[in-house]
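What the coordinates show
So you can see what is in the structure, the chains are spelled out below.
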Amino acid sequence: MPTPFDQSVIEEFRANGGKVGGPFEGGDLLLLTTTGARSGKETTTPLGYVRHGDALLVIGSNLGAPHHPAWYHNLLAHPVVRVELGTRTFQALAVPAQGARREELFAHAVNTAPGYADYQARTTRLLPVVMLERAEPEGWEAPREITTLAGKLMEVHTWLRGQLRQVEAEVDTHFTARAAHRSPGAPPPPGLGLQIRQRCLAFCQALEFHHTSEDAHLFPGIARYHPHLTDTLARLAAEHRTVARIQGELAALLADIGIADPERFRAELDRMSTELNAHLDYEEEQLLPLLADVPWPPAAPPAQPLDPTRPDPTRPDPTD
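Residues numbered from 1 in each chain as written. Predicted model: local features only at pLDDT ≥ 70, side-chain atom pairs only at ≥ 80, totals over all residues. Heavy atoms only, no water.

1. Observations concerning unusual backbone geometry
Inclusion rule: For helices the rule is a DSSP run of H or I covering at least 4 residues; for strands it is a run of E covering at least 2, with both sets numbered from the N terminus onward. Buried means the residue's accessible area, taken with a 1.4 Å probe over protein chains only, is under 20% of the maximum for its type, while exposed means over 50%, and partly exposed covers the values in between.
Residue Pro-297 is reached from Trp-296 by a cis peptide bond, and omega for that bond is 0°. For Pro-297, the position within the fold is in the segment after helix 8 (262-291). Notably, Asn-62 is not glycine yet its phi reads approximately 50°, a positive angle. Mapped onto the elements, Asn-62 comes out in the loop between strand 4 (55-59) and helix 2 (70-77). Look at Leu-63: it is not a glycine, yet its phi comes out positive at around 60°. Topologically, Leu-63 is positioned in the loop between strand 4 and helix 2. The exposure class of Leu-63 is exposed, given its relative accessible area of 57%.

2. Observations concerning the state of the cysteines
Threshold: Throughout, a disulfide means two cysteine sulfur atoms within 2.5 Å of one another.
Considering all chains together, one arrives at zero disulfides under this definition. The thiol of Cys-200 is unpaired, and the distance to the nearest cysteine sulfur, on Cys-204, comes to 4.2 Å. The class for Cys-200 is buried, based on a relative accessible area of 0%.

3. Things to note about the sheet that holds strand 7 (residues 129-134)
Paired through their backbone hydrogen bonds, the strands of a sheet run either parallel or antiparallel. Short version of the rule: Here a strand pair is declared whenever DSSP counts at least two bridges between the two strands. Fitted lines through C-alpha atoms give the axes, limited to the stretch in contact for helices. The angle between two N-to-C directions lies from 0 to 180 degrees. Every residue pair with non-hydrogen atoms within 4.5 Å of one another is taken to be in contact.
Taking strand neighbours across the sheet as the criterion, the seven strands line up as 2-1-5-6-7-4-3 in an open arrangement whose pairing is antiparallel. With partners counted over all chains shown, the strands left at the sheet margins are strand 2 (42-48) and strand 3 (50-52), one partner each. On average, each strand axis in the sheet is inclined to that of its neighbour by 35°, with strand direction left out of account. Contacting strand 5 (80-85), strand 6 (88-96) and strand 7, helix 6 (residues 194-225) crosses the sheet at an angle of about 130° to strand 6.

4. Points about the nonpolar core
How we decide: Note on terminology: a nonpolar core comprises buried Ala, Val, Leu, Ile, Met, Phe, Trp, Tyr and Cys residues joined through side-chain atoms within 4.5 Å.
Counting residues in each nonpolar core, the largest one holds 25 residues, and the members touching the most others are Phe-203, Phe-265 and Met-272. Where this core is concerned, the elements lending two or more residues are helix 5 (149-179), helix 6, helix 7 (230-254) and helix 8. The residues contacting Phe-203, other than those within four sequence positions of it, are Leu-160, Gln-163, Leu-164, Met-272 and Leu-276.

5. Some details on the environment of Asp-270
Here Asp-270 lies in helix 8. Sequence-wise, Asp-270 and Glu-168 are 102 residues apart; in three dimensions their C-alpha atoms are separated by 8.3 Å.

6. What about the pattern of salt bridges?
To keep it simple, the criterion reads: Salt bridge, as applied in this entry: a Lys or Arg side-chain nitrogen positioned within 4 Å of an Asp or Glu carboxyl oxygen.
The tally for this structure, following the rule as stated, stands at 12 salt bridges. Where Lys-152 meets Glu-155, a salt bridge forms, and the shortest distance between an N and an O atom there is 3.0 Å. Separated by three residues within a single helix, Lys-152 and Glu-155 lie in helix 5, roughly one turn from each other. Each member of the pair, Lys-152 as well as Glu-155, is classed as buried. The residue Arg-235 makes a salt bridge to Glu-239 at a minimum N-O spacing of 2.9 Å. One end of the pair, Arg-235, and the other, Glu-239, are both in helix 7, four residues apart, so they sit about a helical turn from each other. The partly exposed category is assigned to Arg-235, whose relative accessible area is 42%. Sharing partners across several salt bridges, the network here consists of Arg-161, Asp-281 and Glu-284.

7. Side note on the packing of helix 5 against helix 6
Where we set the bar: Angle categories: roughly parallel below 35 degrees, roughly antiparallel above 145, roughly perpendicular from 65 to 115, and oblique for all the rest. Here a crossing is called left-handed whenever its near helix is offset anticlockwise from the far helix by less than a right angle, and right-handed whenever the offset is clockwise. In this classification, Asp, Glu, Lys and Arg are treated as charged, Ala, Val, Leu, Ile, Met, Phe, Trp, Tyr, Cys and Pro as nonpolar, and every other residue, Gly included, as polar.
Relative orientation of the contacting elements helix 5 and helix 6 amounts to 155°, with a least axis distance of 10 Å. Classified by the angle between their axes, helix 5 and helix 6 sit roughly antiparallel to one another. The two elements helix 5 and helix 6 cross, and the hand of that crossing is left-handed. Its residues assigned to classes, the contact of helix 5 with helix 6 shows 14 nonpolar, six polar and three charged.

8. Examining the pairing of strand 6
Relative to strand 6, strand 5 runs antiparallel, the two being bridged by six bridges. Of the residues in strand 6, the one forming a bridge with Val-81 is Ala-92. Taken together, strand 5 and the strand that follows it, strand 6, pair antiparallel across an intervening segment of two residues, in which Gly-86 is found at a positive phi of about 60°. As defined by bridge partners, strand 6 adjoins strand 7 across five bridges and the pair is classed as antiparallel. If you follow Val-95 over to strand 7, its bridge partner there is Met-131.

9. Topic: helix 3 (residues 99-112)
Put simply, the rule is: To estimate the expected span of a helix, subtract one from its residue number and multiply by 1.5 Å. Working note: the arc is built from the helix axis to C-beta atom directions.
Counted at 1.5 Å a residue, the expected span for helix 3 with its 14 residues is 20 Å, and the 20 Å between its end C-alpha atoms agrees. Among the residues of helix 3, Arg-102, Leu-105, Phe-106 and Ala-109 are the ones counted as buried. One face of helix 3 carries all of its buried residues, which in axial projection span an arc of 100°. Exposed residues on helix 3 whose side chains face more than 90 degrees from its buried face are Ala-100 and Asn-111. Along its buried surface, helix 3 packs onto strand 3, strand 4, helix 4 (115-121) and strand 7.

The structure is reproduced here in structure tokens:
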């Protein structure tokens with residue numbers, strides 16, 4: 001929960017289109033909502049930010065305290081965050097900068113807001129510099145209008161495929177960089193890096209949420225009124241479990257980015273790509289015809305019970 005002071009700032013921010021008074025008057029302020037690393041609950045924190053081109057930077061200064069702020073630990077566990085900036089609210093991928101990039105961005109932040117240098121001087125820990133990047137896969141454009149459940153399912157599948165392709169592209173770039181370190185006397189090759197970690201973890205968490213929702217809502221509804229699809233749904237559920245095992249392997253490899261084995265990570269990512277794309281193709285082949293005439297978004301529940309002779313087995317939201 002926010003402190004009473006933070007809560008008052010949050011309320012003032014939201015009531016005044018992002019403008020606040022007191023010690024923040026005239027400053028660049030945003031609201032960052034993270035998901036608790038342990039609790040899973042959302043927490044909103046007012047933070048100063050610095051622009052760097054089109055990117056937003058937030059610094060884990062914690063006023064120079066010896067420990068990183070809680071919101072930083074949260075975004076390492078759940079990389080997709082919510083940002084409120086002025087009157088806009090959007091999702092972002094939170095990626096801590098590393099090495100020379102971190103030094104460059106921190107110098108830029110200090111040049112813009114010199115107080116960050118004072119906070120760094122108060123502590124021996126390196127203040128995290130976090131870039132708030134676009135959460136959607138590169139090149140993603142949301143459909144203009146979705147009117148059927150089939151369209152909604154395809155939107156989710158397209159988003160997941162795009163996220164996976166972006167992780168694969170970043171891994172390919174990483175291995176190209178590693179290849180440059182193979183000559184005699186070259187420095188050690190770089191580790192996987194937080195960019196790959198955060199993007200892959202965000203993809204895995206979204207995929208888990210989608211499949212869990214299908215298992216809990218969509219598949220049981222279809223099975224109830226289409227018993228001839230029992231074997232098909234059992235196969236889809238089994239494929240969910242296979243994909244979940246690969247997700248677990250990827251998450252375990254990314255738990256400590258400093259010692260993660262890049263070759264093993266790439267092998268698991270390739271396995272994920274093969275299994276997931278085959279699964280999505282089969283699911284679309286089997287289920288899209290059933291969902292093509294189901295309206296989206298679902299209508300409000302009727303005042304009277306549904307006519308049992310005309311059940312609607314596909315009303316549940318597969319992404320709920």
